[in-house]
Amino acid sequence: MNYIDPLAKVMGEWAYTVTVYSILLRVLVPVLFAFYVGCERSTKGHTAGLKTFILLSISSTACMLIDASFGLKVPICSVGAIIGTAMLGGNSILFGAKNQIKGLTTSAWLWSCSIFGLIVGAGLYTIALVLLVVYVVILQAFPTLEKYLKQRSNHFELHLELLSKNDLQTFMSTLRQLGMRIDDVELNSAFINSGLSVYSLRLSIESKELKKYKTHDEIIEALRSIEYIHYIEEIK
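Reading the values: the criteria
- Residues numbered from 1 in each chain as written.
- Predicted model: local features only at pLDDT ≥ 70, side-chain atom pairs only at ≥ 80, totals over all residues.
- Heavy atoms only, no water.
- Buried < 20%, exposed > 50% of the residue type's maximum accessible area, 1.4 Å probe, protein only.
- Helix = DSSP H or I, 4+ residues; strand = E, 2+ residues; numbered from the N terminus.
- Pairing = 2+ DSSP bridges.
- Axes fitted to C-alpha atoms, helices over the stretch in contact; angles between N-to-C directions.
- Parallel < 35°, antiparallel > 145°, perpendicular 65-115°, else oblique.
- Contact = heavy atoms within 4.5 Å.
- Nonpolar A, V, L, I, M, F, W, Y, C, P; charged D, E, K, R; others polar.
- Salt bridge = Lys/Arg side-chain N within 4 Å of Asp/Glu carboxyl O.
- Phe/Tyr/Trp six-rings, centres within 6.5 Å; stacked < 30°, edge-to-face > 60°.

1. What to know about the pairing of strand β5 (residues 197-205)
Move 1: In terms of burial, β5 is a largely internal element, 8 of the 9 residues being buried.
Move 2: Alignment of strand β3 (residues 155-162) against β5, held across 8 bridges, turns out to be antiparallel. Along β5, the bridge assignment pairs Glu157 with Arg202.

2. What to know about the packing of helix α3 (residues 20-42) against helix α7 (residues 125-151)
Move 1: Packing of α3 against α7 leaves a shortest axis separation of 11 Å and a crossing angle of 10°. The angle between the axes of α3 and α7 places the two elements in the roughly parallel class. Residues Ser22, Leu25, Arg26, Phe33, Tyr36, Val37 and Glu40 of α3 form the contact with α7, whose participating residues are Tyr125, Leu132, Tyr135, Val136, Leu139 and Gln140.
Move 2: A class-by-class count of the residues in the contact of α3 with α7 yields 9 nonpolar, 2 polar and 2 charged.

3. Things to note about the pattern of salt bridges
Move 1: Within the structure shown, the criterion is met by 4 salt bridges.
Move 2: Asp183 is the partner of Arg181 in a salt bridge, and the nearest nitrogen-oxygen pair spans 2.7 Å.
Move 3: With its nearest N and O atoms 2.8 Å apart, the salt bridge here joins Arg181 to Glu206. Separated by 25 residues along the polypeptide, Arg181 in strand β4 (residues 180-187) and Glu206 in the loop between β5 and α9 (208-213) bring together distant segments of the chain.

4. Comments concerning the packing of α3 against helix α6 (residues 104-121)
When two helices pack together, you describe them by how their axes are tilted relative to each other and by the distance separating the axes.
Move 1: For the pair α3 and α6, interaxial distance at closest approach is 8 Å and the crossing angle is 170°. Looking at the two axes, α3 sits roughly antiparallel to α6. Every residue of α6 that contacts α3 at Arg26, Val29, Pro30, Phe33, Ala34, Val37 and Arg41 is listed here: Thr105, Thr106, Trp109, Ser112, Cys113, Phe116, Gly117, Val120 and Gly121.
Move 2: For the contact of α3 with α6, a count of residues per class yields 9 nonpolar, 5 polar and 2 charged.

5. Considering the environment of Val120
Move 1: Relative to the assigned elements, Val120 resides in helix α6.
Move 2: If we ignore the near neighbours within four places in the chain, the residues touching Val120 are Arg26, Val29, Pro30, Tyr125 and Ala128.

6. A short note on the sheet that holds β5
Sheet strands pair by backbone hydrogen bonding; their relative direction is either parallel or antiparallel.
Move 1: In space, the 4 strands of this open sheet follow the order β4-β5-β3-β6, with antiparallel pairing throughout. A strand with exactly one partner marks an edge of an open sheet, and here the two such strands are β4 and β6 (229-234). Each neighbouring strand pair of the sheet contributes to a mean axis angle of 25°, computed without reference to strand direction.
Move 2: Across the sheet, helix α8 (residues 168-178) lies against β3, β4, β5 and β6, angled at about 155° from β4, the strand it touches most.

7. Regarding the packing of aromatic side chains
In this description, a pair of aromatic rings is defined by centroid distance and the angle of the planes.
Move 1: Here the structure, examined in full by the defined rule, presents 4 aromatic pairs.
Move 2: Plain terms: the ring middles of Phe33 and Phe116 are 4.5 Å apart, the flat faces sit at 40° to each other, and that makes the pair tilted. Taken together, the positions of Phe33 in helix α3 and Phe116 in helix α6 put the pair 83 residues apart, joining distant regions of the chain. This pair shows no difference in class: Phe33 is buried, exactly as Phe116 is.
Move 3: An angle of 25° between the planes, with centres 5.2 Å apart, marks the rings of Phe33 and Tyr135 as stacked. You can see Phe33 sitting in helix α3 and its partner Tyr135 sitting in helix α7, a full 102 residues away along the chain. Here Phe33 and Tyr135 have matching classes, each one buried.
Move 4: Through a chain of ring-to-ring contacts, the aromatic side chains of Phe33, Trp109, Phe116 and Tyr135 assemble into a single cluster.

Now the structure itself:
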């Protein structure tokens, strides 16, 4: 089936065939998208930076253009790009303290940039435009929604620094009085010689009043006023 993309048809024959101008267009669009995503991830200090996203996007687009230029029935280069992206994305996932997974979102965006590059490289501009709109909405709107949902979640983790280890029992009693259940407590051995007693706590909110009126930030701000606490924050 000889499919002609609707947007390519509007632009003219040069857009749906492999020409100098269509190559420039098919490379430029994914690069701009990767630049946009890369800037967003870099400003938040994530594992993959701006250059990584752009290079991956260009490589994926180039692989699809090579397959299209030679008219290969089996898109060998494109398959290689997908495998390479999967390997790169897997390497960007790290396991932190308490087996916390980090870099999963960055890995997903690397995969998205690669797929976007393949789609544009194939001249599927309409599909690319729809995906672009969806991706922009995800980047712009979802962080706010995600933050709201996390703030209202009944479960969260704390990084706690106490002036003395003897204050831990008192702090745990305070949490229970406030209507929170302590699911797990772990001593952070990295701070043993710091003069502080540092812990990671996993908590669940059981009090109906806390669930209804208090966000995580408000709870933590209230706990900061306790005199024997040196520092406390939520583990994101």
